[in-house]
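# A structural walkthrough
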Amino acid sequence: MAERVHITTAIFYCNAPPHVGSAYEALAADAFARSRRRRLGRANVSFLTGTDEHGDKIRRAAQAEGVPPREFTDRTSAVFRRAWDGLNVAYDYFVRTTDPEHEKFVQQMLERSHARGDIYFKDYEGLYCIGCERFYTEKELLPGGICPSHNRPVERISEGNYFLRIDKYRAQVLEHIQRNPDFIRPERYRNEALNMLAEPLGDLCISRPKSRLEWGIELPFDHNYVTYVWYDAFWAYVSAPASRDPNFISEVFATTEHFIGKDILKTHAVYWPPMLLSAGLPLFRHLDVHGWVNFGGQRMSKSSGNVADPVSYEAAFGPDVLRYFLLREVVYGLDGDFSEQRLIERYNADLANDLGNFTSRVLSMAARYFGGELTCDPVLEGEPDDAALADVMSGLEERVDAQVQELAFNRGLEAIWQALDVANKYIVQTAPFTLAKDQAKLPRVAQILANLTESLRVVAAALEPFMPVTSRRILDLLQVDETAAAAPYGRGLKQGHKVKPATPLFPRIDRKAG
RNA sequence: GGCGGCGUAGCUCAGUUGGUUAGAGCACGCGGCUCAUAUCCGCGGAGUCGUAGGUUCAAGUCCUACCGCCGCCA
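Attention here is on the structure that accompanies the text. Model, not experiment: these values are computed from the prediction.

## Re the protein's contact with RNA strand B
Close contacts around RNA strand B come from 29 residues, with Asn 357, Arg 361, Lys 425, Phe 506 and Arg 508 the closest. In RNA strand B, atoms within 4 Å of the protein come from the sugar-phosphate backbone in 76% of cases. Within the side chain of Glu 192, one N or O atom sits 3.4 Å away from a sugar or linking oxygen of RNA strand B. For RNA strand B, a base nitrogen lies 2.7 Å from a polar atom in the backbone of Phe 506. When residues of the surface near RNA strand B are traced back to their parent elements, those giving at least two are helix 6 (187-196), helix 13 (340-370) and helix 16 (409-430). Counting residues per element, the surface near RNA strand B draws most heavily on helix 13, at 12 residues.

## Observations concerning the side chain of Thr 73
Positionally, Thr 73 belongs in helix 3 (residues 69-86). Of the residues examined, Thr 73 reaches a relative accessible area of 0% and is grouped as buried.

## A word on the nonpolar core
In this structure, Trp 84, Leu 326, Phe 338 and Phe 409 are the most contacted members of the largest nonpolar core, which totals 104 residues. Mapped onto the domain boundaries, this core takes at least three residues apiece from domain 1 (5-317) and domain 2 (340-485). Not counting residues up to four positions away in its chain, the partners in contact with Leu 326 are Val 20, Tyr 24, Leu 27, Val 293 and Phe 338. Formed by 59 residues, the second largest nonpolar core is a distinct cluster that contains Ile 119, Tyr 228, Ile 260 and Trp 272.

## Let's talk about unusual backbone geometry
Residue Pro 186 follows Arg 185 across a cis peptide bond; omega there is -5°. Backbone geometry at Asn 88 places phi at a positive 60°, although glycine is not the residue there. Checked against the element boundaries, Asn 88 lands in the loop between helix 3 and strand 4 (93-96).

## A few points about the packing of helix 13 against helix 18 (residues 442-463)
It is the contact of helix 13 with helix 18, at a shortest axis distance of 10 Å, that shows an interaxial angle of 145°. Judged by the sense of rotation from one axis to the other, the crossing of helix 13 with helix 18 is left-handed. Contacts from Leu 355, Phe 358, Thr 359, Val 362, Leu 363, Met 365, Ala 366, Tyr 369 and Phe 370 of helix 13 reach helix 18 at Leu 442, Val 445, Ala 446, Leu 449, Leu 452, Thr 453, Leu 456, Val 459 and Leu 463. Across the contact of helix 13 with helix 18, the residue classes break down as 16 nonpolar, 2 polar and no charged.

## Re the layout of surface pockets
In this structure, the second largest pocket spans a volume of roughly 540 Å³. In terms of lining, the second largest pocket is formed by 24 residues, of which the most central are Arg 38, Glu 397, Ala 461, Glu 482 and Ala 486. Breaking the lining of the second largest pocket down by element, the ones donating at least two residues are helix 1 (20-40), helix 15 (396-405), helix 18, helix 19 (468-477) and helix 20 (482-485). Within the lining of the second largest pocket, the residues separate by chemical class into 11 nonpolar, 2 polar and 11 charged. Mapping the lining of the second largest pocket onto the domain boundaries places at least three of its residues in each of domain 1 (5-317) and domain 2 (340-485).

Thresholds applied
- Residues numbered from 1 in each chain as written.
- Chains lettered and ligands numbered in written order.
- Predicted model: local features only at pLDDT ≥ 70, side-chain atom pairs only at ≥ 80, totals over all residues.
- Heavy atoms only, no water.
- Near = heavy atom within 4 Å.
- Polar contact = N/O pair within 3.5 Å; in protein donor to acceptor, adjacent residues only side chain to side chain.
- Helix = DSSP H or I, 4+ residues; strand = E, 2+ residues; numbered from the N terminus.
- Buried < 20%, exposed > 50% of the residue type's maximum accessible area, 1.4 Å probe, protein only.
- Core = buried A, V, L, I, M, F, W, Y, C linked by side-chain atoms within 4.5 Å.
- Domains from an automatic or database assignment.
- Contact = heavy atoms within 4.5 Å.
- Axes fitted to C-alpha atoms, helices over the stretch in contact; angles between N-to-C directions.
- Left-handed = near helix turned anticlockwise from the far one by under 90°.
- Nonpolar A, V, L, I, M, F, W, Y, C, P; charged D, E, K, R; others polar.
- 1 Å grid on protein atoms, 1.4 Å probe; cavity = no way out; pocket = protein on both sides within 12 Å on 5 of 7 lines; lining within 4 Å.
- Points joined across faces, edges and corners; volume = space filled by probe spheres on them.

The structure is reproduced here in structure tokens:
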């Protein structure tokens, strides 16, 4: 059977619009998905994202605007969808937890766990934070009964609720993590997860009484309750593909790559695996945990008013620029920093000077000396300069792909830029513009330009997962279709091929950050 | 309080299992080229590798303590 992979971002809670941090996760997952599609074929990769739309916070946000929750999330979910479309996040599934097929699926999973005896009813009294939508123990609270993340008092609530047996599966999950060293990566987060699982866990409250909250999925075995939003949301990773492909759960789900932020490590490492096991599903393949994207050195937050809107950067600097910046600058797994100043520096140094200018000089010479036509095939051996160029261009995409699979997006891009460096040096070394002054040397000039054009093709192809629009633009200038774009170095462009004249891809930005 | 991470050139960071004069990019200075988006290529300066000890023939790289920043758990 063909190798398959299922890739997910977190399901975004849509009570506020996406910021650069949520965009980063979508972009990293998208680059990963695109890279996998190039290797495994489009049909063997599914990439899922979406919005989390139930729960108290959504209900309250809707109430504040005087609209029904569904109307509210119709609008806010669409904002996410448009943002991802604008950033060229090529998802296969955009799941909304209010989709009927999702709701039905969640109820099926509840039935499965219920039938297995993993769900029980218990009267419960506890300290509840509305902001967090969860109960706290005394020890977790700040003095005076203050919620540590919302900095406001919790409420004492007494009610009966349904619980899922989490601790029952703790040993099994622990063992799985120990036996699969890269199950949670990077490793630092694996260690944290092992820590969390080292001691007995409380079971997970998975219901809310309708008397308190109606905005959720009704429990199939008790009409007086809805499902707790966290339980509901996890299944968004599975519901849509499982509804459409009967073999998804048995054959595909185990290949899942979950891209998540470090803030939800605990829920994904501790609660999600028991939920799966209890419902009779296998575990996913990897939990791929990333850090924060700060803004000018500060944590992005609504209260400090420094929330960067990803779509505005797309509009201001052009397609792919935010993608390039985040994937090049942020080390996956560590916190990164976003600033317009840095963005412009990267833009000028890497995109305008290295990539854009290289494209421009190659196509200009091709047009000037040969009317845009290749008059010979590129060569792998040739002269020492040619061989050095071929050496770095051959297998470039494979080297990049290997980095992407390790989530080292920055290193993948570095590898492409190393190839660009060699290509720029090659022009200086061989000086085709000097040789062209001598009629007798035109055949050598033709050879050099064939090699350079071919190099540009390989670079454009390798760039696709990170910068799909730019990749397409370069390939259009080269008049290359998808099939030719995928060919190894030396086997793509042929004698007689014609390319278009140069057009600037990334005009320099001569201003300071505003 | 427990566990863990980080602290290397002005900035952002690489530095495998300890081993020749500690590296890259950006920024800066000088030189070269002119195909190209004042771009490209070459050269250059600068770091007591957080502090203090220790192990070793040899430590940024291992051990201990301390300082600073951060995370997770309680």
